[in-house]
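Observations on the model geometry
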Amino acid sequence: EKIMGKPKTPFVGCDVFVTNEKNEVLLIQRVDNKLCALPGGFHDLGETPAKCAIREWKEETGFDIKLNQLLGVWSSNCYEYINYPWVNNEFCHLVFEVKVINGKAETSKETLSVKWFSQINLPKLSDGHKERMLFGFNSRTKNSTSYFE
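Summarised in this report is the structure supplied together with it. (Residues numbered from 1 in each chain as written. Predicted model: local features only at pLDDT ≥ 70, side-chain atom pairs only at ≥ 80, totals over all residues. Heavy atoms only, no water.)

Digging into the sheet that holds strand E7 (residues 111-117)
This is how the line gets drawn: Paired strands are those between which DSSP finds at least two bridges. Numbering of helices and strands runs from the N terminus; a helix is a DSSP stretch of H or I covering at least four residues, while a strand is a stretch of E covering at least two. Contacts: residue pairs with any heavy atoms within 4.5 Å of one another. An axis is simply a line fitted to the C-alpha atoms; with a helix, the fit covers only the stretch in contact. Between two such axes, the angle follows the N-to-C directions and lies from 0 to 180 degrees.
Across the sheet, which stays open at both edges, the three strands sit in the order E3-E2-E7 with antiparallel pairing between neighbours. Taken across any chain shown, the strands that pair with only one partner, and hence form the sheet edges, are strand E3 (36-37) and E7. Where strand E2 (residues 25-30) meets E7, six bridges bridge the pair, whose relative direction is antiparallel. Residue Gln29 lies in a different strand from E7, and its bridge partner there is Ser113. Contacting E2 and E7, helix H1 (residues 49-61) runs over the sheet at an angle of about 70° to E2.

See the structure below:
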């Protein structure tokens, strides 16, 4: 009987989208490529996607959050790698919309800055983040359903 080999699968990451009362999005500036991105990161073994999103958000921003909804699922197969350091891998990104419930902005070993930006004054973004972030903004003004690639 032939036994299936170890699967080769994409990395799973959870990103977080939130806006403040001025409709500004919170972005981090990454240490590795110096570009801005939605807070988030790799899903660890033994945790749920929800716990991953909450943990990564806290590590990268200093804030505590409450998850509101899954905005969608994106694939790195649908954008070009230009500035991302791990170009020979594939990623599946789960993006959550959240509410900030406590804390203050703090940087970490992974973040150079934590700042709010308006949609018309966005900084240069890490690969794939523009599409996910714009969907987040659009979902706030439209009665949209989750996005899937």
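Brief notes about the sheet that holds strand E6 (residues 91-103)
The strand order across the open sheet built from five strands is E4-E1-E6-E5-E8, with neighbouring strands paired in mixed fashion. Single-partner strands in this sheet number two, and they are strand E4 (40-42) and strand E8 (147-148). Pairing analysis gives seven bridges linking strand E1 (residues 11-17) to E6, with the strands arranged parallel. Residue Val12 lies in a different strand from E6, and its bridge partner there is Cys92. Contacts between H1 and the sheet are confined to E1, E4, strand E5 (63-75) and E6, with E5 contributing the most and set at about 120° to the helix. Contacting E1, E5, E6 and E8, helix H2 (residues 129-141) crosses the sheet at an angle of about 45° to E1.

Comments concerning the pairing of E5
By the bridge criterion, 11 bridges tie E5 to E6 in an arrangement that is antiparallel. If you follow Lys66 over to E6, its bridge partner there is Lys99. Taken together, the two bridges between E5 and E8 define a ladder with parallel strand orientation. Paired with Val73 across the two strands is Phe148, which belongs to E8.

Some thoughts on the pattern of salt bridges
Selection rule: Whenever a carboxyl oxygen of Asp or Glu lies within 4 Å of a side-chain nitrogen of Lys or Arg, that contact is scored as a salt bridge. Each residue is assigned to one of three classes by its accessible area relative to the maximum for its type, calculated with a 1.4 Å probe on protein chains only: buried under 20%, partly exposed between the two thresholds, exposed over 50%.
Taken as a whole and assessed by the stated rule, the structure comprises seven salt bridges. Between Arg30 and Asp32 there is a salt bridge, with its nearest N and O atoms 2.6 Å apart. For Asp32, a relative accessible area of 45% corresponds to the partly exposed category. For the salt bridge of Glu56 with Arg55, the shortest nitrogen-to-oxygen distance reads 3.0 Å. On the basis of relative accessible area, Glu56 is assigned to the buried category, the value being 6%. One network of salt bridges, with partners in common, ties together Asp44, Glu47, Arg55, Glu56 and Glu59.

Quick notes on H1
Structural remark: α-helix, 3.6 residues per turn; residues separated by three or four positions point the same way. What counts here: In this scheme, a helix's expected span is set at 1.5 Å multiplied by one less than its residue total. Along the arc lie the directions from the helix axis toward the C-beta atoms.
Compared with an ideal rise of 1.5 Å per residue, which puts 13 residues at 18 Å, H1 spans 18 Å between its outermost C-alpha atoms and is within 8% of the ideal. Burial in H1 covers these residues: Cys52, Ala53, Glu56, Trp57, Glu60 and Thr61. Considered in projection along H1, the buried side chains sweep an arc of 125° and stay on one side of the axis. If you follow the buried residues of H1, they end up packed against E1, E2, E4, E5, E6 and E7.

Here's the deal with H2
The terminal C-alpha atoms of H2 lie 19 Å apart, and with 13 residues this matches the ideal 18 Å at 1.5 Å per residue to within 8%. Within the sequence span of H2, burial applies to His129, Arg132, Met133, Phe135, Gly136, Phe137 and Ser139.

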